[in-house]
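Residue-level structural notes
Letter by letter, the chains look like this.
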Amino acid sequence: MASSVPFTAPLYHHLQLRTLIPPPSLHKTIMSASTTGCSKFDHLMDTFRVKVKRAEGRTLNVPLISPFTIASSRLDTVRNVAIRVELEDGSVGWGEAPVLPHVTAEDQPLALTKVHEACQFLSFCQPFTLGLLLEKLAGILSGHQFASVRSGVEMALIDAAAKSINMPMWELFGGSQNTITTDITIPIVSPAEASALATKYKKLGFETLKLKVGKNLSADIEVLKAIRAVHPECLFILDANEGYSCSEAIEVLEKLNEIGVTPVLFEQPVHRDDWDGLGHVTRIANKKFGVSVAADESCRSLSDVMRIVNGDLADVINIKLAKLGVLDALHIIRVARESGLTLMIGGMVETRLAMGFAGHLAAGLGCFKFIDLDTPLLLANDPVLGGYEVAGAIYKFTNAAGSGSFLQLE
């Protein structure tokens, strides 16, 4: 792990608090705690008073086992930001703001700067209930532009509060179950490399493979054939990351149909702003091939979700805390369930800090048909101590308070 950037009192005195909080007219509307649908979390939001003793951020750099290539970017090393929040009672919470080029709005330097501002605010803020504090935080880190940082700081605060009341996070979010089963991702690679990875993942017990596609249609088909040859019983999720045109997306489904392959899900087949194309692919995929279509990059706000619902543009939405923030994600989950959309949960390229939080949320709510929380398994090393237990595709969440995860500071 790289440099630490603590935020201390003398720096704060050169700032005016009012410059950190936009006027109410610029605040993003945040739902009240009673709308999350998680009674224990709602109660915590309404009643738990937060006084932060110290808050800090630091870079979190971890190499990948091999390059992670998707249609829109390539990553060799995770360059995220870790957030540590300590409450007056000594409870410590951890969060992570992931950075993925061409996907998150923030790069690492900007993320670290915004974490700095948020930590300054938290360190010198008067006591508030958790719900009110998170609402004020949303005023500092508003909208999709700072969603990844907002999510990381929200994680740290919620983790600290859960530890303070000695409750595991999966129980806080509903206690539906304490295990989840994830898929695992094969990035854009050669057929031979894909075959080797599929063989490895089959031995580890992964039944669902998520295949990154969208750069070259013919090459994508050859990779699928290679995987099918060594893992014929696996379920496929195709993720184009906006890489196909509308016609290409339909063509890939036709070619797969010819060789007897039906994906269980086709994720973000077209560009995020191609709403007509998304709807057209969804209709053809449903009626002709029996394939569900998921919106990921096209789903970055509640207004996006309502557009998808009202236009019947997708069957599934992918919830990622880093593109929505924790509170907005909970709101969208509730709206999506009430609207009949199927839910998927995923992430950027993250360590077990962020993935663990998302996993606790998924286990606690128990409402996700598709779970894609695999990226810690793609890292060359694991900087996170404690947390959930891993057995192949299955994550088990313990009864440790909060997320149970932490970093060993240097």
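Residues numbered from 1 in each chain as written. Predicted model: local features only at pLDDT ≥ 70, side-chain atom pairs only at ≥ 80, totals over all residues. Heavy atoms only, no water.

Comments concerning the overall build of the protein
Formally: Helix and strand definitions here come from DSSP, where helices need a minimum of 4 consecutive H or I residues and strands a minimum of 2 consecutive E residues; each element is numbered from the N-terminal end. C-alpha atoms define the radius of gyration in this analysis, and the globule rule sets the expected value at 2.2 Å times the number of residues to the power 0.38. Burial classes: relative accessible area under 20% of the type maximum marks a residue as buried, over 50% as exposed, and values in between as partly exposed (1.4 Å probe, protein chains only). Residues are treated as being in contact if the distance between any of their heavy atoms lies within 4.5 Å. Note on areas: Shrake-Rupley, 1.4 Å probe, and residue coverage restricted to the protein chains presented here. By the counting rule applied here, Lys and Arg register as positive and Asp and Glu as negative, while His and the ends of each chain are not counted. The atom standing in for a charge is NZ when the residue is Lys, CZ when it is Arg, CG when it is Asp and CD when it is Glu.
The helix and strand tally for the protein stands at 14 helices and 19 strands. For the protein, whose C-alpha radius of gyration is 21 Å, the value lies close to the compact-globule estimate of 22 Å for 410 residues. Split into buried and exposed, the 410 residues of the protein put 58% on the buried side. Once local pairs closer than 6 in sequence are excluded, the contacts in the protein between residues at least 24 apart make up 76%. Carbon together with sulfur atoms contributes 50% to the accessible area of the protein, which is approximately 15600 Å² in total. Of the charged side chains in the protein, 37 are positive and 44 negative, and the gap between their average positions amounts to 2 Å.

Focus on the packing of helix H8 (residues 217–230) against helix H9 (residues 246–258)
Applicable threshold: Think of each axis as a best-fit line through the C-alpha atoms, taken over the contacting stretch in the case of a helix, with angles from 0 to 180 degrees between the N-to-C directions. Angles are sorted into four bins: roughly parallel if under 35 degrees, roughly antiparallel if over 145, roughly perpendicular if 65 to 115, and oblique for all others. The hand of a helix crossing depends on one turn: near helix anticlockwise from the far one by less than a right angle means left-handed, and clockwise means right-handed. Gly is put with the polar residues, along with every residue not named as nonpolar or charged; the nonpolar set is Ala, Val, Leu, Ile, Met, Phe, Trp, Tyr, Cys and Pro, and the charged set is Asp, Glu, Lys and Arg.
Running from N to C, H8 and H9 cross one another at 30 degrees; their axes reach a closest spacing of 11 Å. Looking at the two axes, H8 sits roughly parallel to H9. Between H8 and H9 lies a crossing whose hand is right-handed. Side by side, H8 and H9 meet where Leu217, Ile221 and Leu224 of the first sit next to Glu248, Glu251, Val252, Lys255 and Leu256 of the second. Residue composition of the contact of H8 with H9, by class: five nonpolar, no polar and three charged.

Quick look at the pattern of salt bridges
For clarity, the threshold we go by: For salt bridges, the criterion is a side-chain nitrogen of Lys or Arg within 4 Å of an Asp or Glu carboxyl oxygen.
Throughout the structure, instances matching the rule amount to 21 salt bridges. Across the pair glutamate 251 and lysine 255 runs a salt bridge whose closest N-O atoms are separated by 3.9 Å. Of this pair, glutamate 251 and lysine 255 both sit in helix H9, four residues apart, which is roughly one turn of that helix. A salt bridge links arginine 334 to glutamate 338; the shortest N-O distance between them is 3.4 Å. Residue arginine 334 and its partner glutamate 338 are both found in helix H13 (residues 326–339); the two are separated by four residues, about one turn of the helix. The exposure class of glutamate 338 is exposed, given its relative accessible area of 60%.

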